[in-house]
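Overview (structure and organization)
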Amino acid sequence: MSLTLYFVVAVITLCYLWIKRRYSFWKNRGFLQAEASFPFGSFKGIGTKVTSYEALDVCYKEFKGKAPAIGIYSFFSPNIMPIDPELIKNILGKDFASFQSRGMYYNKKDDPMSANILTLDGQEWKDRRQKFTSMFSSSKMKMMFEILDKIGDKLVNTLGRKITESSEQDMRNWAQRFTADNIGTTAFGIDCCCIEDPNSEFMKYGRRLFDLTTFELIKFFFAVDYPNLARKLGIRFNPKEVADFFYETFIQTFEYREKNKIQRNDFVSMLLELKEQFTRVELAAEAMLVYAAGYETSSTLMTFTLYALALNPEIQQRLRNEITTEIEENDGKLTYEMLFGFKYLDMVINETLRMFPPIADNMRTCNKDYTIPGTNLIIPSGTTVEINTYSLHHDPEYFPEPEKFIPERFSEENIKNIKPSTFLPFGSGPRLCLGMRFGLMQSKMGIAKLITEFSFSACDKTTIPMKFVPSAPFLTPQNGMWLKVEKI
Ligand code: HEM
Ligand SMILES: *[C@@H]1O[C@H](CO)[C@@H](O)[C@H](O)[C@H]1NC(C)=O
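Residues numbered from 1 in each chain as written. Chains lettered and ligands numbered in written order. Predicted model: local features only at pLDDT ≥ 70, side-chain atom pairs only at ≥ 80, totals over all residues.

Another point: helix α6 (residues 171–188). Over its 18 residues, α6 extends 24 Å from the first C-alpha to the last, a length consistent with the 26 Å expected when each residue adds 1.5 Å. Where burial is concerned, most of α6 is hidden: 17 out of the 18 residues are buried. Following α6 by one or two positions, Gly 189 adopts a phi angle in the positive range, close to 65°. (Helix = DSSP H or I, 4+ residues; strand = E, 2+ residues; numbered from the N terminus. Expected span 1.5 Å × (residues − 1). Buried ≥ 20, exposed ≤ 12 C-beta atoms within 10 Å, placed from the backbone.)

Okay, here's the thing in structure tokens:
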């Protein structure tokens, strides 16, 4: 009995000492560090009470102005959070050689669909980024404009019918159905009918990628912190049934087009052109990436734009005037150039991206020891670097009255006063979001179509002030986005 007891006490003591030493990693290296406790480190309450970017924001506020970067702990993994925008600029740009890796998790062996431009690092990333970049050029976007324009009309028509039953609608759900249709058509060559049918298969499998349970979110963070161990354990990035569904859907279209020599202006055809250089599963993985990176982000942007417009009726009316006037002047037709030329729309979208960045925390992994300029602090190779976009965007030094929705921050006169690297909704540097144009095109298209046909206002079910879902990896509103929608 007493021997067992001694043993248990010894094990607990050793664990305690190991954890204590672990949580002094940064202190011992001269860094200021955020408080850490067992088992989530500095991410106390993650997944249940707070999101990752809210946990990081607490650290940011505590240490802002005290150090260019601080040490934090994700589980037992010592990570760095840079605070100074100058340092962030260097990490993302000038000193890219030390921070080429994103350090996202992927598992080529057990889950080949998880290896894509977003997750891959090193030479493999370089090759893919180089070969796939032309898929996102503005001339390619222009070719897909017509497709999205038609889907936008479908959205407006279907929503118009639905509001005769009830004027209160979950606009997050509508925005998702719109972006799912866009991506189903352009990246998978199928009409998935998500706008008409909210329970379509394509939506169902897609939702599984983002509606994580707390356990799945923690598993994800674990895999990011311990990728080698996670790969040994066979931990996947995508649920198997989801990866299989997207693979098979893509391959069916791929083979059909190959056999019937069909060429269309979309992502599938552009991927087909690369078939000599990449395997099928590699191409399918990039099609799925368009879904993974482009569906949730763009629909989130649309969702929060509508939220901000509903709470700010004057801004909504001004935006509507800009868009309707220009469309009327062009005989009722919307063009690619017009969509990207709407000045006020651009300001509203940027202000939404500031307040509600769909990807609120970004990451890099240090791949070469890095001395922080002007200090003798060294970030060791292998360290995960967490850039908390959310904190920068809500810092009153950079954006006075940060909780107020003020599109004028992005007017031509004011935009030059925005400090570099404090506004990073699409990241920056060589790993800047590759799909920015497509993301902006579909979000702006959706907003332009909706705002000319409907007015939006808050209702009883609208969440005010906004709260985010703690277990969601991206910015996600709690309880959907219920708004009152009325035909104009
Ligand atoms: C409003 C919509 C979107 C937002 C806010 C957004 C945001 C971001 C952010 C913050 C990053 C990280 C950038 C960095 O590390 O510096 C990123 C990366 C990426 N995004 Fe987007 N994104 C959006 C839409 C899209 C779309 C539609 C696609 C594809 C069709 C896409 C494809 C990618 C890819 C491939 C990367 C990884 C780039 C690399 O590592 O080389 N994104 N995005
Ligand atoms: C909005 O932000 C994008 C980059 O995120 C930038 O290219 C564009 O110029 C901005 N527009 C305005 C009006 O600030």
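There is more to say, and it comes next.
Taking the numbering used here, the UniProt-annotated feature "binding site: heme" (unreviewed entry) corresponds to Cys 433. Here Cys 433 lies in the loop between α17 (412–415) and α18 (436–453). On the basis of neighbour counts, which here come to 21 C-beta atoms within 10 Å, the residue Cys 433 falls in the buried class. (UniProt positions renumbered as here; feature names shortened; annotations may be inferred.)

Here we come to helix α4 (residues 122–132). For α4, every residue scored as buried is listed here: Trp 125, Arg 128 and Phe 132. Taken down its axis, α4 places every buried residue within 75° of arc, on the same side. In this structure, α4 carries Gln 123 and Gln 130 as exposed residues pointing more than 90 degrees from its buried face. (Arc of directions from axis to C-beta.)

On to the site of ligand 1, then. The environment of ligand 1 is made up of 27 residues, and the closest members are Gly 294, Gly 427, Cys 433, Gly 435 and Gly 439. Elements with a contribution of two residues or more to the shell around ligand 1: α12 (280–311) and α18. Per-element accounting of the shell around ligand 1 gives the leading share, 7 residues, to α12. Of the residues in the shell around ligand 1, the class split is 15 nonpolar, 9 polar and 3 charged. (Near = placed C-beta within 6 Å. Nonpolar A, V, L, I, M, F, W, Y, C, P; charged D, E, K, R; others polar.)

So, about the environment of Glu 196. Tracing the chain through its elements places Glu 196 in the loop between α6 and α7 (201–210). Here Glu 196 falls in the partly exposed class, since 13 other C-beta atoms lie within 10 Å of it. As for Glu 196 and Asn 90, which are separated by 106 residues in sequence, their C-alpha atoms are 46 Å apart.

Another aspect to go through is the site of ligand 2. By nearness alone, every residue bordering ligand 2 is listed as Asp 346, Met 347, Asn 350, Phe 410, Ile 415, Pro 425 and Phe 426. Looking at the shell around ligand 2, the element that brings in the most residues is helix α15 (residues 343–355), giving 3 residues. Across the shell around ligand 2, the residue classes break down as 5 nonpolar, 1 polar and 1 charged.

The next thing to look at is the packing of helix α5 (residues 138–162) against α18. It is the contact of α5 with α18, at a shortest axis distance of 9 Å, that shows an interaxial angle of 35°. Between α5 and α18 lies a crossing whose hand is right-handed. In this structure, α5 uses Ser 138, Met 141, Phe 145, Leu 148, Asp 149, Gly 152, Asp 153, Leu 155, Val 156 and Gly 160 to contact α18, whose residues at the interface are Arg 437, Phe 438, Met 441, Gln 442, Met 445, Gly 446, Lys 449, Leu 450 and Glu 453. Classifying every residue of the contact of α5 with α18 by side-chain character gives 9 nonpolar, 5 polar and 5 charged. (Axes fitted to C-alpha atoms, helices over the stretch in contact; angles between N-to-C directions. Left-handed = near helix turned anticlockwise from the far one by under 90°. Contact = placed C-beta atoms within 7 Å.)

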